[in-house]
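Each chain, letter by letter, is given below.
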Protein chains: 2
Amino acid sequence: MKIALDMMGGDFAPAEAALGVKKFLTEATTADLEIIGLGDKDKLTEAFHPFNQPLPPGLRMVHCTETIQYTEHPVKALKAKPDSEIAKGFALLASGEADAFISAGNTGAMMVGSMFYLKLSPGILRPTIATIIPRSNSKTGLLLDVGINSDCKPENLDQFATMGTVYARELLSIQNPTVGLLNIGEEEGKGNLLAQAAYPLLKQNPFIQFRGNVEGRDLLTDSVDVVVCDGFTGNVLLKLMESLYPVTRQQGISHSYFDRFHFEQYGGTPVLGIEKPVIVGHGVSGAEAFYNMIVLAEKMIRRDFIGKLAADFVQ
Amino acid sequence: MKIALDMMGGDFAPAEAALGVKKFLTEATTADLEIIGLGDKDKLTEAFHPFNQPLPPGLRMVHCTETIQYTEHPVKALKAKPDSEIAKGFALLASGEADAFISAGNTGAMMVGSMFYLKLSPGILRPTIATIIPRSNSKTGLLLDVGINSDCKPENLDQFATMGTVYARELLSIQNPTVGLLNIGEEEGKGNLLAQAAYPLLKQNPFIQFRGNVEGRDLLTDSVDVVVCDGFTGNVLLKLMESLYPVTRQQGISHSYFDRFHFEQYGGTPVLGIEKPVIVGHGVSGAEAFYNMIVLAEKMIRRDFIGKLAADFVQ
């Protein structure tokens, strides 16, 4: 099993990525694992050097001469920098030389790369990306789409519901996840045209446990496990929730509940609906986040997450 | 000046409404003010009785034999109950017997009534409703639309920006309010089709100080004064923000910052874009909220808010 990791993505690259890799390889219980570390070979060697020991076994470095920066235009950058970590990572994944690819670099480039280098899973209309929601009852909810699809068709929301269900069940260990449609009222028939048209599709979807509409007030409370919405609404909500951690800190409020809104700690989130495992990390990922992303990638491969998700679409 | 008030709307009707009226009339400095209290005459008399004194001068009661409940369908209820407080209040306003109308009752019925009994201000395509956003820098922001217009055209967002600017300046005393377009990226050209099309309109709007796109993370922080979005996104955000007060309380967090998310305290919000002052209150309004709503109605009348708003649309 080979997991490709962009060592140069993220604000603290490559030092934190190196620490995450080191931790993972030290704890790894099986010998069939290889981390393919993508980046400038000299910088990577330097990053691993502080441990005063040879490169960890299980690590293979792939030298890259360029890096896509955060500020770069995703499409242009991917074309202009074929020797960047992100372009090379996707190439390894597409050719089968890697089984998963992880990066905390330019998110747009990761999205474009997912659609550029890889195929969609059969039957999938649009890929999607989800965020975890820290619930006030200490459970974890899931919200999707959070930004790839700013304009959606009802069929997209229906597929997000299925993909979110498989994600919650296989990767978050939520048994029999329930699904709600984000809306501005409880009853069927409420909402904008999109929500009105999506409701009957969700009701008939045999792969999900649909519980009807949920409202903004239900997001943080004891509600359904998976909430679906268009990527515009989802992205605005995600960024508002992400702001709660720094805002409360600024107000002098330090509380374990708001610590859970410190999204960087979670590691990354998989791109759902594509044929191979891709994980996108937060720009400010630390060692723990990199470690968690590698663990998630391993889980996706071992549990055949892609196959299980595809099973709900190919009939 | 005559302000009509639905005394039977709200969870604590008519007791809290009576306390609010009493406080207002006690403090009122001018004699030209009359509160028209709408409701069951016996219940109203009882509600004012605990003060052991005659009805406050300046109060006139208008007996209503029916009340529209929260659970009722707005359109059906308004037709079926012409002798309800909401139907009668709008009738008084439409005929000129009242100068403003306030209710904390069925919000849907208040919206339908605003469009049913009253005309839109000249040039206005759709009425709108806003919410206050407590900023972490102790300032106050404004977000609109928050629920009347779940599907919007770019022209609607442009008009919301103008109306929000007049509201912020005239009623919230924000000098030279700045405006932002809620979006999922900072640069022009980002976002869903609606946001992409609204941006150039906002840029050319001579009545606002447009500052470009704002994101979900900017809502609670030091950002523009007025944020515009479609009513679906706005309503979901409003309800999420409203949930922060009970959620933090439940977590044992008591902090002055989150006290400001206790939206009931603010009183009500004006319906913007209609020809007369209408204020919609929160269902759980207490005496202070009713008092604040009457103060707001008086301010809207004295400052000719409707006329000032209309001035930006009639050219």
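One can find the structure itself at the top, above this paragraph.
What you see is a predicted model; the values in this text were computed from it and never measured. (Residues numbered from 1 in each chain as written. Chains lettered and ligands numbered in written order. Predicted model: local features only at pLDDT ≥ 70, side-chain atom pairs only at ≥ 80, totals over all residues. Heavy atoms only, no water.)

Q: What's the story with the overall build of chain A in this structure? I'm lost.
A: Looking only at helices and strands, chain A features 11 helices and 11 strands. Scaling as 2.2 N^0.38, a compact globule of 315 residues should have a C-alpha radius of gyration of about 20 Å, and chain A matches this with 20 Å. By its C-alpha atoms, chain A is 60 × 50 × 40 Å across when sized along the principal axes. Out of the 315 residues in chain A, the part that is buried amounts to 58%. Residue pairs in contact within chain A that sit at least 24 positions apart in sequence constitute 71% of those at least 6 positions apart. (Helix = DSSP H or I, 4+ residues; strand = E, 2+ residues; numbered from the N terminus. Rg over C-alpha atoms; globule rule 2.2 N^0.38 Å. Buried < 20%, exposed > 50% of the residue type's maximum accessible area, 1.4 Å probe, protein only. Contact = heavy atoms within 4.5 Å.)

Q: In this structure, what is going on with the interface of chain A and chain B? I would like to understand it.
A: Much of the literature gives interface size as the accessible area that the parts lose upon coming together. Facing the 37 residues of chain A at the interface are 37 residues of chain B. A combined buried area of about 3300 Å² lies between chain A and chain B, and 70% of that area is made up of carbon and sulfur atoms. Looking only at chain A, the three residues that lose the most surface to chain B are A:Ile184, A:Phe232 and A:Leu240, adding up to 20% of its buried area. Our count for the contact surface shared by chain A and chain B stands at 2 salt bridges. (Buried area = accessible area lost by both parts, 1.4 Å probe. Salt bridge = Lys/Arg side-chain N within 4 Å of Asp/Glu carboxyl O.)

Q: Honestly, the state of the cysteines in this entry has me stumped. Any pointers?
A: By definition, a disulfide links the sulfur atoms of two cysteine residues through a covalent bond. Residue and element names in this part refer to chain A. Applying the stated criterion across every chain, the model contains 0 disulfides over all chains. Of the cysteine sulfurs around cysteine 152, a residue in no disulfide, the closest is that of cysteine 229, at 8.0 Å. Using a relative accessible area of 16% as the deciding quantity, one classes cysteine 152 as buried. (Disulfide = S-S within 2.5 Å.)

Q: Where do I start with the pairing of strand β6 (residues 140–144) of chain A in this structure?
A: A regular strand carries its side chains on alternate faces of the sheet. Residues and elements named next belong to chain A. For β6, a buried count of 4 out of 5 residues is recorded, marking the element as mostly surrounded by other parts of the structure. Sheet analysis places strand β5 (residues 128–134) next to β6, joined by 5 bridges and oriented antiparallel. Paired with isoleucine 132 across the two strands is leucine 142, which belongs to β6. From the end of β5 to the start of β6, which pair antiparallel, there are 5 residues, and serine 138 there has a positive phi angle of about 65°. (Pairing = 2+ DSSP bridges.)

Q: Would you mind going over the pattern of salt bridges with me for this structure?
A: Any two side chains of opposite charge can pair if their charged atoms end up close together. Here the structure, examined in full by the defined rule, presents 26 salt bridges over all chains. Salt bridges sharing partners connect three or more residues here, namely A:Asp32, A:Glu298 and A:Arg302.

Q: Looking at this model, I keep getting lost on unusual backbone geometry. Mind explaining?
A: Peptide bonds are mostly trans, and most non-glycine residues show a negative phi. In this chain, B:Ala13 is followed by B:Pro14 through a cis amide linkage whose omega measures -5°. As for its position among the elements, B:Pro14 is in the loop between β1 (2–6) and α1 (15–27). Even without being glycine, A:Ser173 reaches a positive phi, approximately 55°. By secondary structure assignment, the location of A:Ser173 is in the loop between α6 (154–171) and β7 (178–182). Residue A:Ser173 is classed as partly exposed on the basis of its relative accessible area, which comes to 42%. Here A:Asp304, not a glycine, exhibits a phi torsion of approximately 50°, which is positive. Topologically, A:Asp304 is positioned in the loop between α10 (287–302) and α11 (305–311). Judged by relative accessible area, which is 44%, A:Asp304 ranks as partly exposed.

Shape descriptors only; they carry no functional weight alone.
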